Amino acid sequence: MFYIFHGDDEFTRAEELARLRGKLAGGDPAMAELNTTFLDGNQVTLGELRHVCDAIPFMADRRLAIVNGLLSRLSPAARSRGKQRPPDQEPAWRTRFLEDLASYLPNLPPTTRLLLIEHRTLPGSNPIVKLATSPEMKDKGFVKLFKQPRDWDLPNWIQERSRSKGGQISREATDLLVMLVGNDLRLLDQEIEKLLIYAD
(Lines give C-alpha, C1' and ligand atoms only; values in the text may rest on other atoms or scores of the structure.)
Protein backbone atom coordinates (compact mmCIF):
# COMPACT_ATOMS: atom_id res chain seq x y z
CA MET A 1 0.00 0.00 0.00
CA PHE A 2 1.17 3.55 -0.66
CA TYR A 3 0.14 6.84 0.88
CA ILE A 4 0.43 10.40 -0.41
CA PHE A 5 0.50 13.01 2.35
CA HIS A 6 0.54 16.50 0.85
CA GLY A 7 -0.17 20.07 1.86
CA ASP A 8 1.26 22.88 3.96
CA ASP A 9 0.11 21.69 7.43
CA GLU A 10 3.41 20.20 8.60
CA PHE A 11 2.26 19.79 12.22
CA THR A 12 -0.78 17.59 11.56
CA ARG A 13 1.10 15.67 8.88
CA ALA A 14 3.92 14.92 11.36
CA GLU A 15 1.36 13.69 13.91
CA GLU A 16 -0.22 11.36 11.35
CA LEU A 17 3.21 10.06 10.37
CA ALA A 18 4.03 9.37 14.04
CA ARG A 19 0.73 7.51 14.39
CA LEU A 20 1.51 5.38 11.34
CA ARG A 21 5.01 4.62 12.62
CA GLY A 22 3.53 3.72 16.02
CA LYS A 23 1.32 1.09 14.40
CA LEU A 24 4.30 -0.42 12.61
CA ALA A 25 5.82 -3.52 14.19
CA GLY A 26 3.02 -3.84 16.74
CA GLY A 27 3.85 -0.57 18.44
CA ASP A 28 7.42 -1.57 19.37
CA PRO A 29 9.47 1.63 18.75
CA ALA A 30 12.76 -0.26 18.30
CA MET A 31 11.29 -2.57 15.65
CA ALA A 32 9.55 0.35 13.95
CA GLU A 33 12.89 2.18 13.77
CA LEU A 34 14.63 -0.86 12.27
CA ASN A 35 11.91 -1.20 9.63
CA THR A 36 11.70 2.46 8.59
CA THR A 37 13.78 3.97 5.81
CA PHE A 38 13.86 7.66 4.89
CA LEU A 39 14.70 8.66 1.32
CA ASP A 40 15.36 12.07 -0.21
CA GLY A 41 12.95 12.44 -3.12
CA ASN A 42 15.20 15.04 -4.75
CA GLN A 43 17.91 12.45 -5.30
CA VAL A 44 16.45 8.95 -5.08
CA THR A 45 16.41 6.77 -8.18
CA LEU A 46 13.61 4.36 -8.96
CA GLY A 47 16.08 1.50 -8.48
CA GLU A 48 16.92 2.68 -4.95
CA LEU A 49 13.24 3.12 -4.15
CA ARG A 50 12.41 -0.37 -5.38
CA HIS A 51 15.34 -1.86 -3.48
CA VAL A 52 14.05 -0.37 -0.21
CA CYS A 53 10.39 -1.26 -0.87
CA ASP A 54 11.16 -4.83 -1.97
CA ALA A 55 13.24 -5.57 1.14
CA ILE A 56 11.74 -8.02 3.63
CA PRO A 57 10.84 -6.54 7.05
CA PHE A 58 13.17 -7.45 9.90
CA MET A 59 11.34 -9.41 12.63
CA ALA A 60 8.10 -7.55 11.86
CA ASP A 61 5.07 -7.81 9.61
CA ARG A 62 5.70 -4.58 7.73
CA ARG A 63 8.30 -2.05 6.76
CA LEU A 64 7.83 1.66 6.07
CA ALA A 65 9.58 3.66 3.35
CA ILE A 66 9.20 7.45 3.64
CA VAL A 67 10.13 9.61 0.64
CA ASN A 68 10.15 13.41 0.91
CA GLY A 69 9.60 15.54 -2.19
CA LEU A 70 9.64 12.94 -4.97
CA LEU A 71 6.34 13.92 -6.58
CA SER A 72 7.29 17.60 -6.58
CA ARG A 73 10.54 16.69 -8.30
CA LEU A 74 8.61 14.73 -10.93
CA SER A 75 5.97 17.43 -11.49
CA PRO A 76 6.10 19.17 -14.85
CA ALA A 77 8.73 21.89 -14.76
CA ALA A 78 7.43 25.45 -14.90
CA ARG A 79 8.83 27.97 -17.29
CA SER A 80 10.05 31.27 -15.92
CA ARG A 81 6.80 32.90 -17.10
CA GLY A 82 4.88 30.53 -14.83
CA LYS A 83 3.41 28.38 -17.61
CA GLN A 84 3.74 24.60 -17.79
CA ARG A 85 5.76 23.00 -20.54
CA PRO A 86 3.82 20.96 -23.07
CA PRO A 87 4.13 17.21 -22.29
CA ASP A 88 6.28 16.60 -25.38
CA GLN A 89 8.87 19.10 -24.07
CA GLU A 90 9.28 17.52 -20.63
CA PRO A 91 12.68 15.89 -20.01
CA ALA A 92 12.58 12.22 -21.00
CA TRP A 93 13.94 11.04 -17.64
CA ARG A 94 11.02 12.67 -15.77
CA THR A 95 8.39 11.12 -18.03
CA ARG A 96 10.05 7.71 -17.85
CA PHE A 97 10.42 7.90 -14.03
CA LEU A 98 6.72 8.77 -13.64
CA GLU A 99 5.62 5.97 -15.95
CA ASP A 100 7.84 3.40 -14.25
CA LEU A 101 6.73 4.55 -10.78
CA ALA A 102 3.06 4.31 -11.81
CA SER A 103 3.69 0.78 -13.06
CA TYR A 104 5.52 -0.25 -9.90
CA LEU A 105 3.15 1.11 -7.23
CA PRO A 106 0.29 -1.35 -7.87
CA ASN A 107 2.82 -4.16 -7.36
CA LEU A 108 4.29 -3.03 -4.03
CA PRO A 109 4.94 -5.99 -1.72
CA PRO A 110 2.10 -6.43 0.79
CA THR A 111 4.66 -6.08 3.61
CA THR A 112 5.65 -2.54 2.53
CA ARG A 113 3.98 0.75 3.29
CA LEU A 114 5.35 3.52 1.06
CA LEU A 115 4.69 7.07 2.20
CA LEU A 116 5.22 9.90 -0.30
CA ILE A 117 5.37 13.24 1.55
CA GLU A 118 4.95 16.58 -0.21
CA HIS A 119 5.14 19.95 1.53
CA ARG A 120 2.83 21.59 -0.97
CA THR A 121 -0.61 20.74 -2.30
CA LEU A 122 -0.52 18.48 -5.34
CA PRO A 123 -3.04 18.94 -8.14
CA GLY A 124 -5.60 16.21 -8.74
CA SER A 125 -4.13 15.88 -12.24
CA ASN A 126 -0.82 14.55 -10.87
CA PRO A 127 -0.48 11.05 -12.40
CA ILE A 128 0.42 9.40 -9.08
CA VAL A 129 -2.45 11.15 -7.25
CA LYS A 130 -4.79 10.00 -10.03
CA LEU A 131 -3.45 6.46 -9.69
CA ALA A 132 -3.92 6.44 -5.90
CA THR A 133 -7.53 7.62 -6.19
CA SER A 134 -8.48 5.35 -9.08
CA PRO A 135 -11.09 2.60 -8.41
CA GLU A 136 -8.61 -0.19 -9.18
CA MET A 137 -6.30 1.10 -6.41
CA LYS A 138 -9.10 1.27 -3.82
CA ASP A 139 -7.22 -0.84 -1.25
CA LYS A 140 -3.69 0.01 -2.38
CA GLY A 141 -3.52 3.82 -2.62
CA PHE A 142 -4.44 6.55 -0.17
CA VAL A 143 -4.23 10.35 -0.52
CA LYS A 144 -4.57 12.81 2.36
CA LEU A 145 -4.38 16.59 2.13
CA PHE A 146 -3.00 18.41 5.17
CA LYS A 147 -4.14 22.01 4.81
CA GLN A 148 -3.03 24.70 7.26
CA PRO A 149 -6.13 26.25 8.88
CA ARG A 150 -6.86 29.78 7.75
CA ASP A 151 -6.64 32.54 10.36
CA TRP A 152 -10.42 32.60 10.81
CA ASP A 153 -10.45 28.81 11.39
CA LEU A 154 -7.78 28.86 14.12
CA PRO A 155 -10.18 29.46 17.05
CA ASN A 156 -12.19 26.38 16.00
CA TRP A 157 -8.96 24.40 15.62
CA ILE A 158 -7.90 25.42 19.15
CA GLN A 159 -11.25 24.46 20.65
CA GLU A 160 -11.25 21.11 18.84
CA ARG A 161 -7.66 20.46 19.92
CA SER A 162 -8.53 21.29 23.54
CA ARG A 163 -11.50 18.88 23.44
CA SER A 164 -9.31 16.11 22.01
CA LYS A 165 -7.01 16.54 25.03
CA GLY A 166 -9.93 16.37 27.47
CA GLY A 167 -10.30 20.09 28.12
CA GLN A 168 -12.28 23.06 26.97
CA ILE A 169 -11.46 26.67 26.25
CA SER A 170 -13.67 29.73 25.84
CA ARG A 171 -13.96 31.61 22.56
CA GLU A 172 -12.43 34.70 24.17
CA ALA A 173 -9.41 32.68 25.27
CA THR A 174 -8.98 31.16 21.80
CA ASP A 175 -9.05 34.62 20.22
CA LEU A 176 -6.44 35.83 22.69
CA LEU A 177 -4.27 32.76 22.03
CA VAL A 178 -4.41 33.37 18.28
CA MET A 179 -3.51 37.02 18.80
CA LEU A 180 -0.51 36.16 21.03
CA VAL A 181 0.81 33.04 19.29
CA GLY A 182 -0.26 33.37 15.66
CA ASN A 183 -0.84 30.47 13.28
CA ASP A 184 2.05 28.18 14.28
CA LEU A 185 0.10 24.97 15.05
CA ARG A 186 2.97 23.32 16.90
CA LEU A 187 3.37 26.33 19.19
CA LEU A 188 -0.40 26.62 19.66
CA ASP A 189 -0.54 22.96 20.65
CA GLN A 190 2.21 23.49 23.25
CA GLU A 191 0.37 26.48 24.70
CA ILE A 192 -2.88 24.48 24.86
CA GLU A 193 -1.00 21.75 26.77
CA LYS A 194 0.35 24.31 29.25
CA LEU A 195 -3.08 25.87 29.77
CA LEU A 196 -4.75 22.50 30.33
CA ILE A 197 -2.09 21.45 32.82
CA TYR A 198 -2.41 24.78 34.64
CA ALA A 199 -6.23 24.67 34.68
CA ASP A 200 -6.25 21.06 35.89
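That block above? That's the structure.
Predicted model, so just to flag it, every value in this text is computed and none were measured. (Residues numbered from 1 in each chain as written. Predicted model: local features only at pLDDT ≥ 70, side-chain atom pairs only at ≥ 80, totals over all residues. Heavy atoms only, no water.)

Draft legend 1. Expanded view of the overall build of the chain. For the chain, the count of helices and strands is nine helices and five strands. Start at the N end of the chain and walk to the C end: the helices and strands fall as β-α-α-β-α-β-α-α-β-α-β-α-α-α. A principal-axis box enclosing the C-alpha atoms of the chain has dimensions of 60 × 50 × 30 Å. For the chain, the computed accessible surface area is about 11,600 Å², with 54% contributed by carbon and sulfur atoms. On the chain, the mean spot of the 28 positive side-chain charges and the mean spot of the 28 negative ones are 6 Å from each other. (Helix = DSSP H or I, 4+ residues; strand = E, 2+ residues; numbered from the N terminus. Areas by Shrake-Rupley, 256 points an atom, 1.4 Å probe, with all protein chains shown as cover. Lys, Arg positive; Asp, Glu negative; His and termini not counted. Charge placed at Lys NZ, Arg CZ, Asp CG, Glu CD.)

Draft legend 2. Inspection of the packing of helix H1 (residues 10-23) against helix H9 (residues 185-199) at higher detail. Where H1 contacts H9, the axes come no closer than 8 Å and their chain directions differ by 70 degrees. When the axes of H1 and H9 are compared, the pair comes out roughly perpendicular. Contact residues: H1 offers Glu-10, Phe-11, Thr-12 and Ala-14, while H9 offers Leu-185, Arg-186 and Asp-189. Taken together, the residues of the contact of H1 with H9 break down into three nonpolar, one polar and three charged. (Axes fitted to C-alpha atoms, helices over the stretch in contact; angles between N-to-C directions. Parallel < 35°, antiparallel > 145°, perpendicular 65-115°, else oblique. Contact = heavy atoms within 4.5 Å. Nonpolar A, V, L, I, M, F, W, Y, C, P; charged D, E, K, R; others polar.)

Draft legend 3. Structural context of the nonpolar core. Counting residues in hydrophobic clusters, the biggest one holds 27 residues, and the most contacted among them are Phe-2, Leu-49, Leu-101 and Leu-114. Elements with a minimum of two residues in this core: strand S1 (2-6), helix H3 (46-54), strand S3 (63-68), helix H4 (70-74), helix H5 (92-104), strand S4 (112-118) and helix H6 (127-132). Setting aside its immediate chain neighbours within four residues, Leu-101 contacts Leu-46, Leu-49, Leu-70, Leu-71, Leu-74 and Ile-128. By size, the runner-up hydrophobic cluster in this structure holds 11 residues, among which are Leu-17, Ala-32, Leu-64 and Ile-117. (Core = buried A, V, L, I, M, F, W, Y, C linked by side-chain atoms within 4.5 Å. Buried < 20%, exposed > 50% of the residue type's maximum accessible area, 1.4 Å probe, protein only.)

Draft legend 4. Layout of a nonpolar patch on the surface. A contiguous nonpolar patch, built from Leu-34, Phe-58 and Met-59 and spanning about 360 Å² of accessible area, is present on the exposed surface. Residue position: Met-59 is located in the loop between H3 and S3. (Patch = residues over 30% accessible without salt bridge, like charges linked within 9 Å, V, L, I, M, F, W, Y side chains within 5 Å. Salt bridge = Lys/Arg side-chain N within 4 Å of Asp/Glu carboxyl O.)

Draft legend 5. Representation of the packing of helix H7 (residues 154-164) against H9 in the model. Where H7 contacts H9, the two axes come as close as 10 Å, and the packing angle between them is 45 degrees. In terms of their interaxial angle, H7 and H9 are classed as oblique. In the packing of H7 onto H9, the handedness of the crossing is right-handed. Here H7 contributes Leu-154, Trp-157, Ile-158, Arg-161 and Ser-162 to the contact with H9, which in turn contributes Leu-185, Leu-188, Asp-189, Ile-192 and Leu-196. (Left-handed = near helix turned anticlockwise from the far one by under 90°.)

Draft legend 6. Structural view of the side chain of Asp-189. Among the structural elements, Asp-189 can be located in helix H9. Judged by relative accessible area, which is 10%, Asp-189 ranks as buried. Beyond its immediate stretch of four places on either side in the chain, Asp-189 contacts Phe-11, Trp-157, Arg-161 and Lys-165.

Draft legend 7. The arrangement of H5 in detail. The terminal C-alpha atoms of H5, which comprises 13 residues, lie 18 Å apart, in line with the 18 Å expected from a rise of 1.5 Å per residue. For H5, the full list of buried residues reads Arg-94, Phe-97, Leu-98, Leu-101 and Tyr-104. In an axial view of H5, the angular spread of the buried residues amounts to 130 degrees, which keeps them on one side of the axis. Residues of H5 that are buried sit in contact with H3, H4 and H6. (Expected span 1.5 Å × (residues − 1). Arc of directions from axis to C-beta.)

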